[in-house]
Amino acid sequence: MYLIPCPHCGPRAQAEFTYERTTDSVVDPAGPVGTAMGTLFTRANPMGMDDEIWRHTYGCRAWLVLTRDRLTHAIAAVRTIGPEALP
Amino acid sequence: MNRYSAFGLIRGAIGGHKHWQPAWRDAEPRASYDVIVIGGGGHGLATAYYLAKVHGLRNVAVLEKGWIGGGNVGRNTTLVRSNYRLKPLHDFFEFGLKLWEHLSDELNYNVMFSPRGSLVLGHSDADMTVLAQRGDAMACDGIDAELLTRDQVAKIEPLLDMSRDARFPIEGALIQRRGGTARHDAVAWGYARAADALGVDIIQKCEVTGFVRDGDRVTGVETTRGRIGAGRVGICVAGHSGHVADMAGLRLPIESQTLQALVTEGVKPMVRSVVQSHSIHCYISQSDKGGIVMGGDPDNWPSYARRGQPTIVEGAIAQAIALMPALSRLRMLRTWSGVTDMSFDGSPIIGTTPIANLFLNGGWCYGGFKATPASGFTYAHTLATGTPHPLAMPFALDRFARGATIDESGAGPLPNHR
């Protein structure tokens with residue numbers, strides 16, 4: 001288990017958090033239908049850094065964006081979610 | 001290839017066991033091959049074997065970045081079954097189970113296939129209804145499935161906690177008696193040896209680092225041992241499909257997660273069948289050496305680290321002990337994990353890609369081992385003919401775009417919510 005530095009609660013055990021999906025797989029409701037399926041189902045799935053949406057489910061329940069390395073589990077950045085945090 | 005036999009064993013015993021040969025050659029890569037299979041796991045080796053055996057292709061190479069048996073084929077819990085509810089799935093896995101039943105003879109290698117019964121427990125009326133539905137769906141296609149009462153379950157597995165105040169009360173079970181286990185390393189080695197005997201080059205420590213393109217066609221691969229030309233290239237690297245396909249510019253409906261398992265010290269026979277529960281998520285079987293093999297949930301977030309986290313193992317153990325309290329007396333020997341390709345409907349992807357001469361086999365989630373023979377057989381058909389095998393057609397890559405997903409667990413595009 002590793003620690004995730006929650007912007008509200010400080011470093012907390014990763015078991016308190018739930019992974020949701022990557023930021024690039026959030027479907028734009030105003031976007032064309034044709035691209036929605038691709039956005040919903042495909043992933044870059046890199047063996048390295050990716051931007052992921054997590055939730056501090058058993059803490060402050062905030063939605064967060066983690067820039068996390070999938071090989072080493074190193075976390076480069078944690079941001080609270082909002083329109084400015086999504087691409 | 002020297003055929004293995006009882007006579008050979010006796011001859012070896014008399015002659016000081018000096019006649020044994022390596023099971024496969026340490027091949028040097030040639031300049032080009034008709035077919036290159038990327039990935040020397042169970043599926044890749046099986047694919048190469050059936051390419052040579054069924055389709056007569058001998059100019060075939062399997063490229064493995066590590067060593068044979070070092071990937072997921074050596075990291076699973078060795079379960080073999082075909083008890084799925086959706087028709088494309090149970091047809092595919094049943095075809096595989098029939099291959100399993102004759103695999104040791106076919107490969108002249110004892111894969112220790114042991115049809116000891118695959119038991120799926122039901123803990124409530126709702127569970128039993130779902131299990132009955134699944135059993136009916138299987139029976140309608142001629143696959144053995146039998147619904148068991150509490151008493152019948154207790155006779156098969158006397159150590160289960162059958163009391164009414166059990167943490168997970170047992171109402172009954174669905175059993176597939178032809179399901180069971182096989183020796184996973186033997187499967188890899190058996191396929192490797194049989195493929196090698198048919199002329200397939202198995203090239204270890206040869207990592208693919210890129211694809212050679214001619215316009216929109218793939219014509220070969222770049223590797224750590226140089227460029228190798230190929231008529232057709234098959235990706236078969238479950239766990240790592242994402243970044244291998246990415247080298248060809250393909251984005252896949254796959255997310256890689258870690259799946260863990262554990263084994264206890266060896267004890268006398270105490271678990272006779274393969275005990276599974278799908279409503280909690282736990283599976284228990286006893287290896288031929290006596291260790292109790294257990295597994296549970298994936299880690300539920302993307303990871304390529306081949307180590308899991310202890311809380312998940314703890315959860316699996318807690319469930320196993322609740323089902324079978326005697327397990328609490330055993331010491332854990334080791335845990336391990338593998339990287340699984342979680343596809344977004346829980347079903348595999350086998351077939352063509354939008355890039356000519358490039359084919360894909362992946363997305364096995366946590367069900368790859370039992371599929372090894374069927375996966376190899378159908379993928380070999382695809383690689384040899386350029387068109388999908390009828391059994392694999394439902395598992396085409398474009399099914400997500402077509403809205404034709406095969407979603408056994410009904411979880412949709414969120415593998416972590418499964």
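Here is a short report on the structure shown in this document. (Residues numbered from 1 in each chain as written. Chains lettered and ligands numbered in written order. Predicted model: local features only at pLDDT ≥ 70, side-chain atom pairs only at ≥ 80, totals over all residues. Heavy atoms only, no water.)

**Comments concerning the sheet that holds strand β6 (residues 172–176) of chain B**
Hydrogen bonds between backbone atoms are what pair the strands of a sheet, whose relative direction is either parallel or antiparallel. All names here are of chain B. Strand order in the open sheet formed by 8 strands is β5-β6-β4-β13-β14-β15-β12-β16, with mixed pairing between adjacent strands. In the strand order of this sheet, the two ends are held by β5 (146–149) and β16 (332–343), each with one partner. Across this sheet, the average inter-strand angle for adjacent strands is 25 degrees, counted without regard to direction. Where strand β12 (residues 254–266) and β16 come together, 11 bridges link them in antiparallel fashion. Directly across from Thr258, in β16, lies its bridge partner Val339. (Pairing = 2+ DSSP bridges. Helix = DSSP H or I, 4+ residues; strand = E, 2+ residues; numbered from the N terminus. Axes fitted to C-alpha atoms, helices over the stretch in contact; angles between N-to-C directions.)

**A short note on empty space enclosed by the protein**
Applying the stated criterion to the full structure yields 1 cavity of 30 Å³ or more. The space that makes up the largest cavity amounts to roughly 50 Å³. The wall of the largest cavity is formed by Arg43(A), Ala44(A), Asn45(A), Gly242(B), Asp246(B), Leu250(B), Arg251(B), Leu252(B) and Ile254(B). When its residues are assigned to classes, the lining of the largest cavity shows 4 nonpolar, 2 polar and 3 charged. (1 Å grid on protein atoms, 1.4 Å probe; cavity = no way out; pocket = protein on both sides within 12 Å on 5 of 7 lines; lining within 4 Å. Points joined across faces, edges and corners; volume = space filled by probe spheres on them. Nonpolar A, V, L, I, M, F, W, Y, C, P; charged D, E, K, R; others polar.)

**Examining the sheet that holds strand β3 (residues 18–22) of chain A**
Residues and elements named next belong to chain A. Judged by pairing direction, the sheet is antiparallel, and its 4 strands sit side by side in the order β3-β4-β5-β6 without closing on themselves. At either margin of the open sheet sits one strand with a lone partner, and together these are β3 and β6 (75–80). Across this sheet, the average inter-strand angle for adjacent strands is 30 degrees, counted without regard to direction. Note: strand β4 (residues 49–55) against strand β5 (residues 63–69), 7 bridges, orientation antiparallel. In the sheet register, Glu52 faces β5, and the bridge partner there is Leu66.

**Observations concerning the pairing of strand β15 (residues 291–302) of chain B**
Residue and element names in this part refer to chain B. Extensive coverage of β15 is indicated by the burial of 10 of its 12 residues. Sheet analysis places β12 next to β15, joined by 6 bridges and oriented antiparallel. Across the sheet, residue Ala261 finds its bridge partner in β15, namely Gly295. Of the pairings in the sheet, the one linking strand β14 (residues 282–286) to β15 comprises 4 bridges and is antiparallel in character. When the sheet's bridge partners are listed, Gln286 is paired in β15 with Ile292. (Buried < 20%, exposed > 50% of the residue type's maximum accessible area, 1.4 Å probe, protein only.)

**Notes on the interface of chain B and chain A**
Often, the extent of an interface is quoted as the loss of accessible area on bringing the components together. Counting residues at the interface gives 25 residues for chain B, matched by 24 residues for chain A. Surface buried jointly by chain B and chain A totals about 2200 Å² across both partners, of which 54% is contributed by carbon and sulfur atoms. Of all residues in chain B, Arg251(B), Trp301(B) and Tyr304(B) give up the largest surface area on contact with chain A, accounting jointly for 27% of the area buried on that side. Counting across the chain B and chain A interface gives 12 residue pairs in polar contact (both at pLDDT 80 or more). At the level of elements, α8 (241–247), β12, β15 and α9 (310–323) of chain B are the ones that each hand at least two residues to the side of chain B that touches chain A. Grouping the constituent residues of the side of chain B that touches chain A by class yields 12 nonpolar, 10 polar and 3 charged. (Contact = heavy atoms within 4.5 Å. Buried area = accessible area lost by both parts, 1.4 Å probe. Polar contact = N/O pair within 3.5 Å; in protein donor to acceptor, adjacent residues only side chain to side chain.)

**Re the side chain of Thr22(A)**
Locating Thr22(A) in the fold gives a position in strand β3. Under the relative-accessibility criterion, Thr22(A) is labelled buried at 1%. A distance of 2.7 Å separates polar atoms of two side chains, one belonging to Thr22(A) and the other to Asp24(A). Every residue in contact with Thr22(A), bar those within four places of it in the chain, is listed here: Arg43(A), Asp50(A), Asp51(A), Glu52(A), Ile53(A), Arg70(A) and Glu255(B).

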